[in-house]
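For reference, the chains in residue letters:
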Number of protein chains: 2
Amino acid sequence: MASSTSSSLSCTKTIDPSYVAPKLLIIMVGLPARGKSYIVRKLARYLNWLQYESRVFNVGERRRVAAHIERSGEKPVEKCLYPRPFSSSAAFFDPTNPDLVSVRERIALETLEELLDWLSGQESSSVGILDATNSTLKRRQTLLSHIRRKAGTLNEVLLIESCCFDQEILERNFRLKLNGPDYRNQDPDEALKDFRQRVVFYEKSYVPLGEAEEQDKIPYLQTIDVGRKTNTHLIQGFLSTQVVEYMLNFNLSERQIWIFCGGESMDDSVGKIGRRSDLTEDGQRYAASLVSFIHKERERWEQDMQSHRLQNHDSTKLRVSDPAQKEHTLGSQTGKDSPSLLNFCIWTSTMPQAIQTASGFCEERYVKSQMKTLDDLNAGDMAGLTFEEIATLQPAVYAARKQYKLQYRWPGLGGECYLDVIHRLRPIILELERRKDHMLLITHRAVVRVLLSYFLDLRRDDLAEMVIPKNWGFSLEPVSYGIRFGAYSYRPESGTFHLEPNAQSMFFLS
Amino acid sequence: MASSTSSSLSCTKTIDPSYVAPKLLIIMVGLPARGKSYIVRKLARYLNWLQYESRVFNVGERRRVAAHIERSGEKPVEKCLYPRPFSSSAAFFDPTNPDLVSVRERIALETLEELLDWLSGQESSSVGILDATNSTLKRRQTLLSHIRRKAGTLNEVLLIESCCFDQEILERNFRLKLNGPDYRNQDPDEALKDFRQRVVFYEKSYVPLGEAEEQDKIPYLQTIDVGRKTNTHLIQGFLSTQVVEYMLNFNLSERQIWIFCGGESMDDSVGKIGRRSDLTEDGQRYAASLVSFIHKERERWEQDMQSHRLQNHDSTKLRVSDPAQKEHTLGSQTGKDSPSLLNFCIWTSTMPQAIQTASGFCEERYVKSQMKTLDDLNAGDMAGLTFEEIATLQPAVYAARKQYKLQYRWPGLGGECYLDVIHRLRPIILELERRKDHMLLITHRAVVRVLLSYFLDLRRDDLAEMVIPKNWGFSLEPVSYGIRFGAYSYRPESGTFHLEPNAQSMFFLS
């Protein structure tokens, strides 16, 4: 199915109406509060970014809707089954009550139906994810036999189970549930008590993935304590392989990820695109300012971490219990156990303006490397022209590019489209997810667009249209349940960078 | 450590004398005849191809040398311990004989010493692989504490265990052992009996990877029945992640992999390099001949398979017991269980001469896709010139390229070196390893060099110098314990391709 990747990532095929996306159905498995929804959101974001249209179908939401929990903008899809808040209370999950068991099963099957309709109904749909506990053998077998009957064009199924034996991670997840839709605005102690009871009910009939699935030759991935252990079975399909590869690179360690464009180049200053070009004097001033800005931010972060650890022992424990911090068990002790001693890596493209922008960072404190993968979108024969020149000299090229910005490949040797850039940046994203170091990427506007569209979960069309104001930079801090985003503007007069409080609305386009 | 990849793959760093390769020590684990040496050879080939210098240190060989088994060109490294063939007979592996236990332990430690000297002694050395059973907890703990004491610049350790519960695969492996150095030229029945006794001795004290390693936080990968199941623990380092990614894509299914250049282009006919250019009339004739050649070869292969299956039930069973054939358990039944119904995929670059060379293959029988990843090595500003023109117009460029062909990047936008091409072809190699379809790649000479250097395990310098005669193509059939290689020359007069019987010597350069 690599053909499908490549084709979905090459313009010829993307605009080919006969193109049918490869199909994968993911069924989540796991007791409550095992981070299933976190995994699911992240996975969908990655696959959508790779242009495999992915959608999450959450059984819990359907249950709440089915039971008339008012949720703004949503209408109940069927008549009231049980008065609120019963459908959210532990009692609703009592496995000894056959009525409730069958209600829950029906809700699960209805959600699966919805997923299958979407997955086989549309040529562009690629990955459907069923987000539910599915923690009993019977439930999984019901779902699978249902799928066997109506698989349609589906050609891959993958079960993903998240297990957690780390009590500290579990406790944190439990408390996060109290802010969730089932318990919001309820007495915390009561809510926690009720939620624990729900988990007890689940545990009674819980069967982890294993023998039964191996008997039936069902592909599965089992992740234990956020990637400490990963067990896979019969992973062969292209999309499943992509999913496993991605999940092997998960880590929860706290760190800074910075993404900046290089300073202004000679070509930038006259609007010429795509060539290798040196920094202007303004560009050099910007580069100098960037060094002192990043230096300060790094120190601020380390101080915050220190005080955070003093205030909050839990978080320290959490960090220590995080396999992220256990790297290099043997051999050179890089003191990774203390997050204040994180390495700081700077990756630039191989183009002069990026390399020169990084030149001020000292090798002692920053690990620098150049990567061709971070080079600017290749403008082929248009490199060295301004957009105005392209419009007048090559009106057809200009128009085609304007119409299909995402999949239009510039003509000429090495010319790329945005989809080509996504394709070549995949290993960079996997590396950013795997590493526990601070990172600064100094690259080019088109590449920054593609990187941000991954972190901010933007849709196709938003990507190519995203406005990146000149000399802005971005911070992306992984935090539990998502990413803390910051946009910083540059003030040439003072040579300083300033957080833009309202940037969110600018960038969270979808 | 991605910096290390990228840097090891960017010319600036490759020729930087201060460059120190990332270090990984792999310790193999597993009972005899579990395919350890197969895995080890393949892994080393992949890592060497990625330019991480890798070397296998085999304890069995040292045992044989230590015990004076004559092996041409090798001198015994120490005085005779035990007369031949005792050191190869089952009795030598008796765990109840403390003398023999300590001899075997000393041989293992000496081999580890040799590995550590090589790994920390040289800046360029990257991955050392200790190929032995290491099937007892005590042995592994001895090795690890020894490593802890002398780790040096080592910063990653990975245990890899190969388990096999599939009786048919096991039986086949047992029989393959009879051709191995310990049993060659002995009575097969006696030899098999002796080898089974050796395995029994090992099984007595065998402890698979698991709890103990998890207690000690040792990263491991456990592969069961050739990739049917894969269990990983604490995989975090860059090289370990590369290894796991590669091993997740193993499969043993029999199929054809063909690699050809596109037919002669207008530019080829006048010796100009690197541009997009259409086929000449000769090129078009070549393309037409290629279609009928591949068509015939595909049918021949399928007939051979048929008769092979009729003759030899074992091999059929083997094929069926191979998870490779279990793809698409659910959903569309593509009849993959019968190897005679394999898909045939054609991947071309996005350059006209490759696309035009594939144009004669009908969409009904061949799945075609275009991949930018297969484009020719980008000659940057030199594209469109002949080598003679480069030599006269750009003598400095010509000389630098000649001297550092592997890591010299052509100047100008998008210009590449061979290391860049290796880097971008990595996903293609992983896909070729994962798929069970027949494959035909139609690409360009530099890309063919890089692909062949992977399959034929060529060393750095051989790669760039490899001679690819005009209009030759290559077949690479995965077979147990390696690859069946064929080179085919094209006869324009008859429009036919012919197997070159002596090509091996041409290409197995190292």
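Note that the structure is a prediction, hence the values are computed from the model and not measured. (Residues numbered from 1 in each chain as written. Chains lettered and ligands numbered in written order. Predicted model: local features only at pLDDT ≥ 70, side-chain atom pairs only at ≥ 80, totals over all residues. Heavy atoms only, no water.)

### Focus on the side chain of Glu-264 of chain A
Residues and elements named next belong to chain A.
Reasoning step 1: Looking at the secondary structure, you find Glu-264 in the loop between strand 7 (257–261) and helix 11 (266–269).
Reasoning step 2: Side chain to side chain, Glu-264 and Thr-280 meet in a polar contact 2.7 Å long.
Reasoning step 3: Within the structure, Glu-264 has its side chain in polar contact with the side chain of Lys-470 (distance 2.8 Å).
Reasoning step 4: Ignoring anything within four residues of it in the chain, the contact list for Glu-264 reads Ser-269, Asp-278, Leu-279, Thr-280, Asp-282, Gly-283 and Lys-470. (Helix = DSSP H or I, 4+ residues; strand = E, 2+ residues; numbered from the N terminus. Polar contact = N/O pair within 3.5 Å; in protein donor to acceptor, adjacent residues only side chain to side chain. Contact = heavy atoms within 4.5 Å.)

### Some thoughts on unusual backbone geometry
Reasoning step 1: One non-glycine residue, Asp-457 of chain A, lies in positive phi territory at about 60°.
Reasoning step 2: You can see Asp-457 of chain A is positioned in the loop between helix 18 (445–455) and helix 19 (460–465).
Reasoning step 3: Residue class for Asp-457 of chain A comes out partly exposed when judged on its relative accessible area of 27%.
Reasoning step 4: A positive phi angle is found at Asn-185 of chain B, which is not glycine, with a value near 65°.
Reasoning step 5: Among the structural elements, Asn-185 of chain B can be located in the loop between helix 7 (167–177) and helix 8 (188–205). (Buried < 20%, exposed > 50% of the residue type's maximum accessible area, 1.4 Å probe, protein only.)

### Re the sheet that holds strand 11 (residues 473–479) of chain B
Residues and elements named next belong to chain B.
Reasoning step 1: Pairing in this open sheet of 7 strands is mixed, and the strands run 9-8-10-7-11-12-13 from one edge to the other. The open sheet has two free edges, formed respectively by strand 9 (367–370) and strand 13 (496–499), since each of these has just one partner strand. Between one strand axis and the next, the sheet turns through 20° on average, direction left out of account.
Reasoning step 2: Inspection of the sheet shows strand 7 (residues 257–261) paired to strand 10 (residues 438–443) by 5 bridges, in the parallel sense. In the sheet register, Cys-261 faces strand 10, and the bridge partner there is Thr-443.
Reasoning step 3: In this fold helix 18 (residues 445–455) packs onto strand 7, strand 10, strand 11 and strand 12 (482–491), with an angle of close to 150° to the strand it touches most, strand 7. (Pairing = 2+ DSSP bridges. Axes fitted to C-alpha atoms, helices over the stretch in contact; angles between N-to-C directions.)

### Quick look at the pattern of salt bridges
Reasoning step 1: Tallying each qualifying case throughout the model produces 55 salt bridges over all chains.
Reasoning step 2: Here Lys-229 of chain B makes a salt bridge to Glu-214 of chain A, at a shortest N to O gap of 3.1 Å. Here Lys-229 of chain B, found in strand 6 (residues 229–233), pairs with Glu-214 of chain A, found in helix 9 (residues 211–215), and the two come from separate chains. Comparing Lys-229 of chain B with Glu-214 of chain A shows no difference in burial state: the two are buried.
Reasoning step 3: In this structure, Asp-420 of chain B and Arg-409 of chain B form a salt bridge, with 2.7 Å as the shortest nitrogen-oxygen distance. Here Asp-420 of chain B is found in helix 17 (residues 418–434), whereas its partner Arg-409 of chain B is found in the loop between helix 16 (395–403) and helix 17, with 11 residues between them in sequence.
Reasoning step 4: For Asp-420 of chain B, a relative accessible area of 5% gives the class buried.
Reasoning step 5: Judged by relative accessible area, which is 15%, Arg-409 of chain B ranks as buried.
Reasoning step 6: Shared partners join several salt bridges into a network, and the residues in it are Arg-62, Arg-106, Glu-110 and Glu-114 of chain A. (Salt bridge = Lys/Arg side-chain N within 4 Å of Asp/Glu carboxyl O.)

### Focus: the nonpolar core
Reasoning step 1: Ranked by internal contacts, the top residues of the largest apolar core, which has 152 residues, are Ile-26 of chain A together with Ile-26 of chain B.
Reasoning step 2: In this structure Ile-26 of chain B touches Leu-43, Val-127, Gly-128, Ile-129, Leu-130, Leu-158, Ile-160 and Val-243 of chain B, once residues within four positions along its chain are discounted.
Reasoning step 3: Membership of the second largest hydrophobic core comes to 30 residues, among which are Ile-27, Phe-57, Phe-93 and Tyr-220 of chain B. (Core = buried A, V, L, I, M, F, W, Y, C linked by side-chain atoms within 4.5 Å.)

### A few points about the packing of aromatic side chains
Residue and element names in this part refer to chain A.
Reasoning step 1: Going through the model one piece at a time under the given rule, you end up with 54 aromatic pairs over all chains.
Reasoning step 2: An angle of 55° between the planes, with centres 5.9 Å apart, marks the rings of Phe-57 and Trp-118 as tilted. One end of the pair, Phe-57, is in strand 2 (residues 53–58); the other, Trp-118, is in helix 5 (residues 98–121), and 61 residues separate them in sequence. Each member of the pair, Phe-57 together with Trp-118, is buried.
Reasoning step 3: Put simply, the rings of Tyr-38, Tyr-46, Trp-49, Tyr-246, Phe-250, Tyr-454 and Phe-455 pair up and form one aromatic cluster.
Reasoning step 4: The aromatic ring of Phe-250 is capped on one face by Lys-42, whose charged end is 4.5 Å from the ring centroid.
Reasoning step 5: We note Arg-298 situated over the ring of Tyr-366; from NZ or CZ to the ring centre the distance is 5.0 Å. (Phe/Tyr/Trp six-rings, centres within 6.5 Å; stacked < 30°, edge-to-face > 60°. Lys NZ or Arg CZ within 6 Å of the ring centre and 35° of its normal.)

### A closer look at the packing of helix 3 (residues 36–49) of chain A against helix 17 (residues 418–434) of chain A
Helices that pack against each other are described as a pair by the angle of their axes relative to one another and the distance between those axes.
Residues and elements named next belong to chain A.
Reasoning step 1: Between helix 3 and helix 17, the least distance of the axes is 11 Å, while the angle of their chain directions is 155°. If you check the angle between helix 3 and helix 17, you find them roughly antiparallel. Taking contact as the criterion, the partners of Lys-42, Arg-45, Tyr-46 and Trp-49 in helix 3 are, on helix 17, Ile-422, Leu-425, Arg-426, Ile-429, Leu-430 and Glu-433.
Reasoning step 2: The residue makeup of the contact of helix 3 with helix 17, split by class, is 6 nonpolar, no polar and 4 charged. (Parallel < 35°, antiparallel > 145°, perpendicular 65-115°, else oblique. Nonpolar A, V, L, I, M, F, W, Y, C, P; charged D, E, K, R; others polar.)

### Looking at the sheet that holds strand 5 (residues 220–224) of chain A
Reasoning step 1: In space, the 12 strands of this open sheet follow the order 2(A)-3(A)-1(A)-4(A)-5(A)-6(A)-6(B)-5(B)-4(B)-1(B)-3(B)-2(B), with mixed pairing throughout. Looking at which strands have only one partner, the edges of the open sheet turn out to be strand 2 of chain A together with strand 2 (53–58) of chain B. The mean angle between the axes of side-by-side strands here comes to 15°, regardless of whether they run parallel or antiparallel.
Reasoning step 2: Note that strand 2 of chain B and strand 3 (residues 125–131) of chain B share 6 bridges and pair parallel. Paired with Phe-57 of chain B across the two strands is Leu-130 of chain B, which belongs to strand 3 of chain B.

### Quick word on the environment of Glu-500 of chain A
Residues and elements named next belong to chain A.
Reasoning step 1: Structurally, the position occupied by Glu-500 is in the loop between strand 13 (496–499) and helix 20 (503–507).
Reasoning step 2: Along the backbone, Glu-500 and Leu-476 are 24 residues apart, and their C-alpha atoms lie at a distance of 14 Å.
Reasoning step 3: Residue contacts for Glu-500: discarding those within four places in its chain leaves Trp-472, Ala-487 and Ser-489.

### Overview of the domain arrangement of chain A
Residues and elements named next belong to chain A.
Reasoning step 1: On domain assignment, one finds that chain A holds domain 1 (4–247) and domain 2 (257–377 + 416–506).
Reasoning step 2: With 23 residues of domain 1 at the contact, the number on the domain 2 side is 23 residues.
Reasoning step 3: Where domain 1 abuts domain 2, roughly 2,500 Å² becomes buried across the two surfaces, and 62% of that area is made up of carbon and sulfur atoms.
Reasoning step 4: Counting across the interface, domain 1 meets domain 2 through 2 salt bridges. (Domains from an automatic or database assignment. Buried area = accessible area lost by both parts, 1.4 Å probe.)

### Digging into the packing of helix 3 (residues 36–49) of chain B against helix 10 (residues 238–247) of chain B
Residues and elements named next belong to chain B.
Reasoning step 1: For the pair helix 3 and helix 10, the least separation of the axes is 11 Å and the interaxial angle reads 120°. With respect to helix 10, the element helix 3 is oriented oblique. As for the relative orientation of helix 3 and helix 10, their crossing is right-handed in sense. Contact residues: helix 3 offers Ile-39, Lys-42, Leu-43, Tyr-46 and Leu-47, while helix 10 offers Gln-242, Val-243, Tyr-246 and Met-247.
Reasoning step 2: Taken together, the residues of the contact of helix 3 with helix 10 sort by class into 7 nonpolar, 1 polar and 1 charged. (Left-handed = near helix turned anticlockwise from the far one by under 90°.)

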